[in-house]
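Given next are the chains, with one letter for each unit.
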Amino acid sequence: MSAKKLGIIGGGGHIGLIHAACLASLGYKVAAYDLDDRKIKNLQKALVPFYEPGLEELVKKGLEEERLRFTGNPEELSDAELVFICVGTPALPDGSADLRQVERAVEELARLAQGPVIAAIKSTVPVGTNRKLSQQLGKLGLSHKLTVIANPEFLAEGSGIDDFLKPSRIVVGGEDPQAMEKVVAVQSPSAAPVIKTSWENAELIKHASNALLATKISFINEVAAICEAFKGDIRIVSQGIGLDPRIGPHFLEAGLGFSGPCLGKDLRSFISQFGAVGEDALLLEAVFYINLKQLYSFVQKLEEHLGGLRGQKLGVLGLAFKPGTDDVRDSHSLPIIRHLLSRGAVVAAHDPLVGKSPQKDWLSRRLPSLQWAASPYEAAERKDALLILTACPEYRELDLERLKNSMANPLIFDGRNLFDSREMKELGFEYIGIGI
Ligand code: UDX
């Protein structure tokens, strides 16, 4: 199928761009379309709008070898045989997903397609959406032109390329076995397990996967609270739990909870889907509230410990929603910093990737009184407390003696449990983590 031309709608976003670059690296001709002209112009010059390890190199290679093309004109997808729909499904105020971008993309593609085209829906959509999209095409008399296949993605930021090239599984849902087979064939460079199923099962697999990841995190955070009460160490408890092969070690790191553009949004959407069919999402509601509680109790503990925030000089390490990315969308760091500033604290923040990326300007506009530190040491200098909000690996390697000597008060509030509390105390820090 390598001679076939593939298209991407939403080619400038995290998911779309990773798909475009990886598919080009597999030898396909890929046209990546995005509405955002500025992104497209930059991508044509191989300027990637966000940080993702290895992505810039793949984009450059794809452009040089003329396998990858970025365009602001949807008509350039009209001769593609398979188009991946990678547009956003942002949360509406009630938590449900806004599907307008997906609906528009599918309809536009069906109208401009020269021959029959397969639309592989990568966007995370509520259960029943792919069937509705297909029915809608029928009503418009466009069914013969476009076949809708549910094809959820499981890419995590920071490991997106590996996740694409070595997928844990490929899931396709639909009613056209041949089209499903084509979608699988294009993206299975490795011998990944394949699930071919209905539209609804594919949609449910995606939602349930993200909901279970979120559940594991809220579970360990709940255990962290009782751990603290008994002066236990959640990191050791977590290790002991994760060694059971039936449970596994992943997503059992206690801390500030899950943040970022996907887990929280998808969880709220899933909960609202339960409501829509008259079912209760008791467990998932709890998962959501435990996650909120993590944030509030962290800030409350800090405020109580310092006896108020007014005039406190605070350093923050970590702005991105997780290590290895410069993505600050829905990062916990933002509401925490906003709260600290609104209570009269002076805050200086450092982040190894955000500090060097266009996200810095975006954040500066939203948090104008936030000061930027060029290094973690600068963030800590003369501060009354240092807050660790993202588990960036470089923070684990800090010269702690140097850090302590530069602080006005050697107090660390660690929302990611990067250090051993006993060792930190021996070094002369007052060290407060989560569940330790
Ligand atoms: C997630 C899913 O992992 C991915 O499969 C899906 O396609 C998109 O959503 P991502 O948003 O990149 O990926 O982040 P993820 O690695 O899942 O982390 C989400 C949040 O959970 C981060 O804030 C992270 O710090 C937090 N987390 C993760 C924990 O608090 N504890 C853990 O043990 C693991």
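What counts and what doesn't
- Residues numbered from 1 in each chain as written.
- Predicted model: local features only at pLDDT ≥ 70, side-chain atom pairs only at ≥ 80, totals over all residues.
- Heavy atoms only, no water.
- Helix = DSSP H or I, 4+ residues; strand = E, 2+ residues; numbered from the N terminus.
- Buried < 20%, exposed > 50% of the residue type's maximum accessible area, 1.4 Å probe, protein only.
- Near = heavy atom within 4 Å.
- Polar contact = N/O pair within 3.5 Å; in protein donor to acceptor, adjacent residues only side chain to side chain.
- Areas by Shrake-Rupley, 256 points an atom, 1.4 Å probe, with all protein chains shown as cover.
- Nonpolar A, V, L, I, M, F, W, Y, C, P; charged D, E, K, R; others polar.
- Domains from an automatic or database assignment.
- Pairing = 2+ DSSP bridges.
- Right-handed = clockwise from strand over helix to strand, strands pointing away.
- Contact = heavy atoms within 4.5 Å.
- Buried area = accessible area lost by both parts, 1.4 Å probe.
- Salt bridge = Lys/Arg side-chain N within 4 Å of Asp/Glu carboxyl O.

Turning next to unusual backbone geometry. The backbone of Arg382 sits at a positive phi, close to 55°, despite the residue not being glycine. Here Arg382 is to be found in the loop between helix 14 (376–380) and strand 12 (385–388). For Arg382, a relative accessible area of 60% corresponds to the exposed category. Notably, Asn417 is not glycine yet its phi reads approximately 50°, a positive angle. Mapped onto the secondary structure, Asn417 falls in the loop between strand 13 (411–414) and helix 17 (421–426).

This paragraph deals with the site of the ligand. What surrounds the ligand is a group of 20 residues, the closest being Glu157, Glu253, Ser259, Phe321 and Lys322. Separating an oxygen atom of the ligand from a backbone N or O atom of Leu155 is a distance of 3.0 Å. Interatomic distance of 3.2 Å between a side-chain N/O atom of Lys206 and an oxygen atom of the ligand. Here the ligand, which alone exposes 670 Å², has 89% of that area covered by the protein. For the shell around the ligand, the class distribution of residues is eleven nonpolar, three polar and six charged. Looking at the shell around the ligand, you find at least three residues from each of domain 1 (5–197) and domain 2 (234–432).

Extensive coverage of strand 5 (residues 117–121) is indicated by the burial of five of its five residues. Of the two faces of strand 5, the one lined by Val117, Ala119 and Ile121 and the one lined by Ile118 and Ala120 are each fully buried. In this sheet, strand 5 lies alongside strand 4 (residues 82–85) in parallel orientation, the contact comprising four bridges. Pairing of Val83 across the sheet is with Ala119, part of strand 5. Tracing the backbone out of strand 4, into helix 4 (residues 100–112) and back to the parallel element strand 5 gives a crossover that is right-handed. Relative to strand 6 (residues 146–150), strand 5 runs parallel, the two sharing five bridges. Within strand 6, the position partnered with Ala120 by the bridge is Ile149. Regarding the hand of the β-α-β motif, the stretch spanning strand 5, helix 5 (residues 129–139) and strand 6 is right-handed.

A few words on the domain arrangement of the protein chain. Each domain of the protein chain was delimited in the assignment, giving domain 1 (5–197) and domain 2 (234–432). Between domain 1 and domain 2, the C-alpha centre-to-centre distance is 33 Å. Taken together, the contact pairs 20 residues of domain 1 with 17 residues of domain 2. The largest per-residue losses of area from domain 1 upon contact with domain 2 belong to Tyr51, Gly95 and Glu157, which jointly make up 42% of the total buried on that side. At the surface where domain 1 touches domain 2, the tally comes to one salt bridge. One salt bridge connects Glu157 with Arg329, and the closest N-O pair in it is separated by 3.4 Å. The tally of links between domain 1 and domain 2 comes to nine residue pairs in polar contact (both at pLDDT 80 or more). Each residue belonging to the side of domain 1 that touches domain 2 can be placed in one class, and the counts come to twelve nonpolar, six polar and two charged.

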